[in-house]
Amino acid sequence: AGGASVYPFVWSILLAARAEGLGGVLTTMAIRQEDEVKHLLGAPDRWALAAVVALGHPVRPVGRLRRRPVSQFATVDSVAGEPLPDVGRFPPDPS
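Think of each chain on its own: its residues are numbered from 1, step by step along the sequence as written. Residues qualify for local features only when their pLDDT is at least 70, as the model is predicted, and side-chain atom pairs are given and counted only at 80 or more; totals for whole chains, interfaces and linings, by contrast, use all residues. Neither water nor hydrogens contribute to the side-chain values; these are computed over all heavy atoms in the structure.

Student: Would you mind going over a nonpolar patch on the surface with me for this structure?
Tutor: Only residues whose relative accessible area exceeds 30% and that form no salt bridge are eligible for patches; like-charged ones are grouped when within 9 Å, while nonpolar side chains (Val, Leu, Ile, Met, Phe, Trp, Tyr) are grouped when within 5 Å. The method behind every accessible area is Shrake-Rupley, applied with a 1.4 Å probe, and residues are considered shielded solely by the protein chains displayed. Any carboxyl oxygen of Asp or Glu within 4 Å of a side-chain nitrogen of Lys or Arg constitutes a salt bridge here. Together, Val-70, Phe-73, Val-76 and Leu-84 make up a nonpolar patch on the protein surface, roughly 310 Å² of accessible area in all. Numbering of helices and strands runs from the N terminus; a helix is a DSSP stretch of H or I covering at least four residues, while a strand is a stretch of E covering at least two. Position of Phe-73 relative to the elements: it lies in the segment after strand 2 (52–56).

Structure follows, in structure tokens:
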């Protein structure tokens, strides 16, 4: 099953859930067992399973996300390529 058009929708759900204090994750692993998952959920055969979203209350309070600069984990042209330059930070680093 495809599903590229569902990802912006799921992203919006995850953002909204976070704003409400929920944690969430998208997985496509269930697609490997699509027939069984559709049966478990009571979904009609004509539907395609593109992703499963799990939502719940986190064990610890949700805080501000911290991300490493892109240059620390992304490279150009190959795994051993030059680091992808940091174009900017959003939100800007307060320092």
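Student: Would you take a moment to explain the pattern of salt bridges for this structure?
Tutor: Oppositely charged side chains are able to pair whenever their charged atoms sit close together. For the coordinates displayed, the defined rule picks out one salt bridge. The partner of Glu-34 in a salt bridge is Lys-38, and the shortest N-O contact between them spans 3.9 Å. Taken as a pair, Glu-34 and Lys-38 lie in helix 2 (residues 34–41) at a separation of four residues, close to a single helical turn.

Student: Would you explain the side chain of Lys-38 in this entry?
Tutor: Classification of Lys-38 by relative accessible area gives buried; the value is 8%. A distance of 2.8 Å separates the side chain of Lys-38 from the backbone oxygen of Trp-47, its partner in a polar contact. The buried label applies to any residue whose accessible area, calculated with a 1.4 Å probe on protein chains only, is under 20% of its type's maximum; exposed applies above 50%, and partly exposed to all values in between. In protein, a polar contact means a hydrogen-donor-capable atom and an acceptor-capable atom, both N or O and within 3.5 Å, with residues adjacent in sequence counting only if both atoms are side-chain atoms; elsewhere, any N or O pair within 3.5 Å suffices.

Student: Mind showing me how you'd approach the layout of surface pockets here?
Tutor: Which parts of space are left empty comes out when a probe the size of a water molecule is rolled across the atoms. The definitions used throughout rest on a 1 Å grid laid over the protein atoms alone, on which a cavity is an enclosed set of points accommodating a 1.4 Å probe that cannot get out and a pocket is an open set flanked by protein within 12 Å on both sides along at least five of seven lines; lining residues are those having an atom within 4 Å of a point. Grid points are joined across faces, edges and corners, and a volume is the space filled by probe spheres set on the points. Approximately 290 Å³ is the volume attributed to the second largest pocket. Around the second largest pocket, the lining residues are Trp-11, Leu-14, Leu-15, Ala-17, Arg-18, Leu-22, Gly-23, Gly-24, Leu-55, Val-62, Leu-65 and Arg-67. Mapped onto the lining of the second largest pocket, the elements with two or more residues apiece are helix 1 (6–19) and strand 1 (23–27). Element by element, the count of residues in the lining of the second largest pocket is highest for helix 1, at five residues. A class-by-class count of the residues in the lining of the second largest pocket yields eight nonpolar, two polar and two charged. Residues are grouped as follows: nonpolar covers Ala, Val, Leu, Ile, Met, Phe, Trp, Tyr, Cys and Pro; charged covers Asp, Glu, Lys and Arg; every other residue, Gly included, is treated as polar.

Student: Any chance you could explain helix 1 here in plain terms?
Tutor: Residues separated by three or four positions in an α-helix point in the same direction, a consequence of the helix having 3.6 residues per turn. The span you would expect from a helix comes to 1.5 Å times its residue count less one. Compared with the 20 Å implied by 1.5 Å per residue over 14 residues, the 20 Å span of helix 1 between its first and last C-alpha is a close match. Downstream of helix 1 by one or two residues, Gly-21 has phi in the positive range, about 85°.

Student: Please explain unusual backbone geometry as it appears in this structure.
Tutor: Apart from glycine, the bulk of residues carry a negative phi angle, and the bulk of peptide bonds sit in the trans form. Its identity is not glycine, yet Asp-77 carries a phi of approximately 70°, on the positive side. Note that Asp-77 resides in the segment after strand 2. In this structure Asp-77 comes out as exposed when scored by relative accessible area, which is 82%.

Student: What's the story with the environment of Leu-14 in this structure? I'm lost.
Tutor: Residue position: Leu-14 is located in helix 1. A residue is classified by how much of its surface remains accessible, and Leu-14, at 23% relative accessible area, is partly exposed. Separated by 39 residues in the primary sequence, Leu-14 and Val-53 place their C-alpha atoms 8.5 Å from one another. Not counting the four nearest positions on each side in its chain, Leu-14 is found in contact with Gly-24, Val-25, Leu-26, Val-53 and Leu-55. When checking whether two residues touch, look at their non-hydrogen atoms; a contact exists if any pair is within 4.5 Å.

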